[in-house]
Amino acid sequence: NKEDKKEIIQILNSFYKILEESGINICLEATLPAEQFTIFMEEINHPNVRIYYDLGNSIPLKYNAAEDIRCLSKWIGGTR
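The following paragraphs examine the structure supplied in this document. The numbers attached to residues start from 1 for each chain and follow its sequence in the written order. Note on the predicted model: pLDDT of at least 70 is required for a residue's local features to be given, and 80 or more for side-chain atom pairs to be given and counted; whole-chain, interface and lining totals, by contrast, use all residues. Side-chain metrics rest on all non-hydrogen atoms present in the structure, leaving aside hydrogens and water.

1. A short note on the overall build of the protein
Part 1 of the reasoning: By definition, any uninterrupted DSSP run of H or I lasting at least four residues is a helix, any uninterrupted run of E lasting at least two residues is a strand, and each is numbered from the N terminus. Looking only at helices and strands, the protein has five helices and two strands in total.
Part 2 of the reasoning: Counting from the amino terminus, helix and strand elements in the protein follow one another as α-α-β-α-β-α-α.
Part 3 of the reasoning: Whereas a compact globule of 80 residues would reach a radius of gyration of roughly 12 Å, the protein reaches 13 Å, a difference of no more than 12%.
Part 4 of the reasoning: It only takes one pair of heavy atoms within 4.5 Å for two residues to be counted as in contact. Here the contacts in the protein between residues at least 6 apart in sequence split such that 62% fall between residues at least 24 apart.
Part 5 of the reasoning: A total accessible area of about 5500 Å² is found for the protein, and carbon and sulfur atoms account for 53% of it.
Part 6 of the reasoning: A gap of 2 Å separates the mean positions of the 9 positive and 12 negative side-chain charges of the protein. Restricting the calculation to C-alpha atoms gives the radius of gyration, and the globule rule supplies 2.2 Å times the number of residues raised to the power 0.38. Accessibility throughout is a Shrake-Rupley quantity obtained with a 1.4 Å probe, and a residue counts as covered only by protein chains that appear here. Only four residue types enter the tally: Lys and Arg on the positive side, Asp and Glu on the negative side, with His and both chain ends excluded. The atom standing in for a charge is NZ when the residue is Lys, CZ when it is Arg, CG when it is Asp and CD when it is Glu.

Dropping the structure here:
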């Protein structure tokens, strides 16, 4: 919800300087549809905050993984 997203953004704001200085990325994993995740990442708008796209979550939710990956590709940064 909007309040949770706002709180997450505030928490991330406190880490930005450390992320920038260290070159570390934080990868977020969520069960948001790609359209909502895009909006959220645009609100965050920081190069060190990336997405960990988990197929194990998206497939049971019946998301179109190929389309999601195309939509979110500029933010995907986490791999296992």
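After presenting the structure, the write-up continues.
2. Here we look at helix H1 (residues 2-13)
Part 1 of the reasoning: What a helix is expected to span follows from its residue count: subtract one and scale by 1.5 Å. Taking 1.5 Å per residue, 12 residues should reach 16 Å; H1 reaches 16 Å between its end C-alpha atoms and fits that length.
Part 2 of the reasoning: Among the residues of H1, the N-terminal cap falls to asparagine 1, whose side-chain oxygen and the backbone nitrogen of glutamate 3 are separated by 3.0 Å. Think of a polar contact as two N or O atoms within 3.5 Å of one another; within protein, one of them needs to be a possible hydrogen donor and the other a possible acceptor, and neighboring residues in sequence only count if both atoms come from side chains.

3. Some words on the packing of H1 against helix H3 (residues 34-44)
Part 1 of the reasoning: Helix axes are fitted to C-alpha atoms over the stretch in contact, other axes to C-alpha atoms as well, and angles between N-to-C directions run from 0 to 180 degrees. Look at H1 against H3: their axes get within 10 Å of each other, and the N-to-C directions meet at 40°. Here H1 and H3 pass one another in a crossing that is right-handed. In contact with Lys5, Ile8, Ile9 and Leu12 of H1, H3 contributes Gln36, Phe40, Glu43 and Ile44.
Part 2 of the reasoning: Here the contact of H1 with H3 is built from residues that sort into five nonpolar, one polar and two charged. For any helix crossing, the convention is left-handed if the near helix is rotated counterclockwise from the far helix by under a right angle, and right-handed if that rotation is clockwise. When residues are grouped by polarity, Ala, Val, Leu, Ile, Met, Phe, Trp, Tyr, Cys and Pro land in nonpolar, Asp, Glu, Lys and Arg in charged, and all others, Gly among them, in polar.

4. Concerning the nonpolar core
Part 1 of the reasoning: For this analysis, a nonpolar core means a set of buried residues of the types Ala, Val, Leu, Ile, Met, Phe, Trp, Tyr and Cys, connected via side-chain atoms within 4.5 Å. Throughout this description, buried means an accessible area under 20% of the type-specific maximum (1.4 Å probe, protein chains only), exposed means over 50%, and partly exposed covers the range between. Counting 16 residues, the largest nonpolar core has Leu28, Phe37, Met41, Ile44, Val49, Ile51 and Leu72 as the members making the most contacts within it.
Part 2 of the reasoning: The set of elements that each furnish at least two residues to this core consists of H1, helix H2 (16-22), H3, strand S2 (49-51) and helix H5 (65-72).
Part 3 of the reasoning: Every residue in contact with isoleucine 51, bar those within four places of it in the chain, is listed here: Cys27, Leu28, Phe37, Met41, Leu72, Trp75, Ile76, Gly77 and Gly78.

5. A few points about the environment of asparagine 25
Part 1 of the reasoning: Looking at the element boundaries, asparagine 25 is found in the loop between H2 and strand S1 (26-28).
Part 2 of the reasoning: The partly exposed category is assigned to asparagine 25, whose relative accessible area is 39%.
Part 3 of the reasoning: Distance in space between the C-alpha atoms of asparagine 25 and arginine 50 is 6.6 Å, their sequence separation being 25 residues.
Part 4 of the reasoning: Sequence-distant contacts of asparagine 25, that is, excluding residues within four places in its chain, are made with Pro47, Asn48 and Arg50.

6. A word on the side chain of histidine 46
Part 1 of the reasoning: For histidine 46, the position within the fold is in the loop between H3 and S2.
Part 2 of the reasoning: Within the structure, the side chain of histidine 46 is placed 3.0 Å from the backbone nitrogen of asparagine 48, a separation counted as a polar contact.
Part 3 of the reasoning: Not counting chain neighbours up to four residues away, the residues in contact with histidine 46 comprise Tyr16 and Glu20.

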